2 protein chains.
Amino acid sequence: MRIVFLGAGNLATRLSVEMQRVGFTLVQVYSRTQANAALLGEKLGCPWTTDIETVVTDADVYVFSLKDAVLPEIISKMQTNKGVWIHTAGSMPIEVFENKVERYGVLYPLQTFSKARCVNFDIVPFFLEANTKEVADLLQNIASALSENIHFLSSQKRKRVHLAAVFACNFTNHMYVLASNLLEKEEISADVLLPLIDETASKVHEMTPHAAQTGPAIRYDENVIGKHLDLLDDPNLKNIYQLLSQNIYKEAHNE
Amino acid sequence: MRIVFLGAGNLATRLSVEMQRVGFTLVQVYSRTQANAALLGEKLGCPWTTDIETVVTDADVYVFSLKDAVLPEIISKMQTNKGVWIHTAGSMPIEVFENKVERYGVLYPLQTFSKARCVNFDIVPFFLEANTKEVADLLQNIASALSENIHFLSSQKRKRVHLAAVFACNFTNHMYVLASNLLEKEEISADVLLPLIDETASKVHEMTPHAAQTGPAIRYDENVIGKHLDLLDDPNLKNIYQLLSQNIYKEAHNE
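These numbers come from a predicted model, not from an experiment. For every chain, the first residue of the written sequence is number 1, and numbering continues from 1 along that sequence. Key to labels: chains lettered from A, ligands numbered from 1, both in the order written. It should be noted that, the model being predicted, local features are given only for residues of pLDDT at least 70 and side-chain atom pairs only at 80 or more, the latter also being counted only at that level, while totals for whole chains, interfaces and linings use all residues. No hydrogens and no water enter the side-chain calculation; it runs on all heavy atoms of the structure.

1. Side note on the environment of Gln20(B)
Residue and element names in this part refer to chain B. Filter applied, for reference: In this text, helices come from DSSP runs of H or I with a minimum length of four residues, and strands from runs of E with a minimum of two, each type numbered from the N-terminal end. Burial status follows relative accessibility: with a 1.4 Å probe on protein chains alone, a residue under 20% of its type maximum counts as buried, one over 50% as exposed, and anything between as partly exposed. Should any heavy atoms of two residues lie within 4.5 Å, those residues are considered in contact.
Topologically, Gln-20 is positioned in helix α1 (residues 10–21). Judged by its relative accessible area of 31%, Gln-20 is partly exposed. Between the C-alpha atom of Gln-20 and that of Leu-44, which follows or precedes it by 24 residues, the distance is 7.6 Å. When residues no more than four places from it in sequence are discounted, the contact partners of Gln-20 are Leu-26, Lys-43 and Leu-44.

As structure tokens, this is what we get:
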């Protein structure tokens, strides 16, 4: 199976490298940004281009791993062909390919990717969607070469999975950022947080996150909450602290 | 060393069980709540009481693991004695014991505890504070029997560590709660989030949380952010989403 990658960001990098590792043939990389295109092309040992008109037309699969904001534009600029076009975006509907090519689909991996870090794809949930039975079979073949955790899901539901991922990953990581900032101000190494971060993640393998909740907010310990608010100078941080504490309490008491 | 525990909540339970496991002698448990006192007393195989006046007076160490709001009250009600009194609270100053006993201190483990879940104490950071050199040595002895990760820290700095822990653990877990709720509404098992939750935690062992940040907010992808806000009916959730997204963007662009 001959594959072209459009995009060279975090997800495009990790997914294309993994696809090559499990035996697919990467024939070309396209990115609007020359540095990214070159970097990924060299990593994969395959040609790269920044000119959408020079994308080869005889590949079997075209994987669009682009920022949502530019995906429709790149699709419209690209010359139509006989390949199967798929994207990897949580919040873009499958219909973005409609009227452009005959066979299309979505392959959305629920994971956080950074260029420099390998992830274990075996356990990554893949959410698939296809416009025909034939494409569904093809996506199933691709995904099962990558992972053991495969689901077919509509665009409607996929965007809610993506939203959940923003909370579970992007917002969670921001909590780590805020915690690290607080310690850095005190010249305490943020490494002291790692056992806590790990245990917080591990707990929810054994119990629901509802059952795992601890801390001053769940018992609305005004004594502690008041002291913490006093320590936060930044009005945004104060807001975040207050809003999350109230919501934790509300959630625990089913209001 | 003969130890009395005052409190029978999550932290008191895990810490007393671990102290017993590593060889300390637990002589009595006190809790205002009979069910909790009995449960922990039975777990430790030691006497328990709900009457503060019947707490034994000849122990070596008294560990107060109580909600901040009740700690000063229980200390004031308790008969003074020759033991070393310590508490385990992040946000309570050491001075809470002043004028009550001669030797006192703080032993604060930076971890999330639930009664039903064992944790690996070896790597838990312990933050210690003592009013005398003798108490400092005693706390060092106790803590090093429990963990390899020991720090002496002032009350002033400890409360900032506690605040950081609220972000890194309590607020993080709340993000897991919100993500699970979103999936449950769609009848999708929240288990699909676990590889993402694990990877988000693992990443910050290898890179700073700043470098690990991904998702629509960091590139302020209005396309995705707008769609996500449309999906959130609850005004609190909308608020949380907006506030955190703005803060992620601000943090990444150093504003």
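2. What to know about the relation of the copies chain A and chain B
The following threshold applies: Here the copies are matched by least squares. The fit uses the C-alpha atoms of residues with pLDDT of at least 70 in both.
Superposing chain A onto chain B requires a rotation of 180° together with a translation of 0.0 Å along the rotation axis, leaving an RMSD of 0.0 Å. One copy is carried onto the other by what is essentially a two-fold rotation axis. Of the C-alpha atoms belonging to chain A, the one lying closest to the rotation axis is found on Thr172(A), 2.5 Å away. Residue by residue, 100% of the interface of chain A is reproduced at the interface of chain B, so both copies engage with the same surface.

3. Some details on the pattern of salt bridges
Charged atoms that come close allow side chains of opposite charge to pair. Stated formally: When a carboxyl oxygen of Asp or Glu lies within 4 Å of a side-chain nitrogen of Lys or Arg, that pair is called a salt bridge.
Summed over the entire model, instances satisfying the criterion amount to 22 salt bridges over all chains. Put simply, Glu18(A) and Arg21(A) hold a salt bridge, and the shortest N to O gap is 3.0 Å. Of this pair, Glu18(A) and Arg21(A) both sit in helix α1 (residues 10–21), three residues apart, which is roughly one turn of that helix. Under the relative-accessibility criterion, Glu18(A) is labelled buried at 8%. The salt bridge partner of Asp221(B) is Arg219(B), with a shortest N-O separation of 3.5 Å. A relative accessible area of 1% places Asp221(B) in the buried class. When salt bridges with common partners are traced through the structure, they connect Arg117(A), Glu199(B) and Glu206(B) into a single cluster.

4. Regarding helix α6 (residues 194–206) of chain B
Note the threshold: Between the first and last residue of a helix there are one fewer steps than residues, each counted as 1.5 Å, and that sum is the expected span.
Given a rise of 1.5 Å per residue, 13 residues ought to cover 18 Å, and the 19 Å separating the end C-alpha atoms of α6(B) matches this to within 8%. Of all the positions in α6(B), only Leu194(B), Pro195(B), Leu196(B), Ile197(B), Glu199(B), Thr200(B), Ala201(B), Lys203(B) and Val204(B) are classed as buried. Contact partners of the buried residues in α6(B): β7 (125–130), α5 (155–185) and α6 (194–206) of chain A together with α5 (155–185) and α7 (209–212) of chain B.

5. Overview of the environment of Ala201(B)
Along the chain, the position of Ala201(B) falls in helix α6. On the basis of relative accessible area, Ala201(B) is assigned to the buried category, the value being 3%. Taking the C-alpha atoms as reference points, Ala201(B) and Ala212(B), separated by 11 residues in sequence, lie 9.9 Å from one another. If we ignore the near neighbours within four places in the chain, the residues touching Ala201(B) are Tyr176(A), Ile197(A), Asp198(A) and Ala201(A).

6. A look at the side chain of Lys203(A)
Our working rule: Positive charge is attributed to Lys and Arg, negative charge to Asp and Glu, and no charge count is given to His or to the chain ends.
Within the fold, Lys203(A) resides in helix α6. No salt bridge is formed by the buried Lys203(A), whose closest oppositely charged neighbour, Glu199(A), lies at an N-O distance of 5.6 Å. Setting aside chain neighbours within four positions, we find Lys203(A) in contact with Ala212(A), Thr214(A), Thr112(B), Phe113(B), Ser114(B) and Arg117(B).

7. Comments concerning helix α8 (residues 222–231) of chain A
Where we set the bar: Comment: arc refers to directions from the helix axis out to C-beta atoms.
Looking at α8(A), one finds that the buried residues are Val224(A), Ile225(A), His228(A), Leu229(A) and Leu231(A). Taken down its axis, α8(A) places every buried residue within 155° of arc, on the same side. Opposite the buried face of α8(A), by more than 90 degrees, sit the exposed residues Glu222(A) and Asp230(A). Among the structural elements, α9 (235–252) of chain A together with α5 of chain B are those in contact with the buried residues of α8(A).

In short, shape yes, function no, at least from these values alone.
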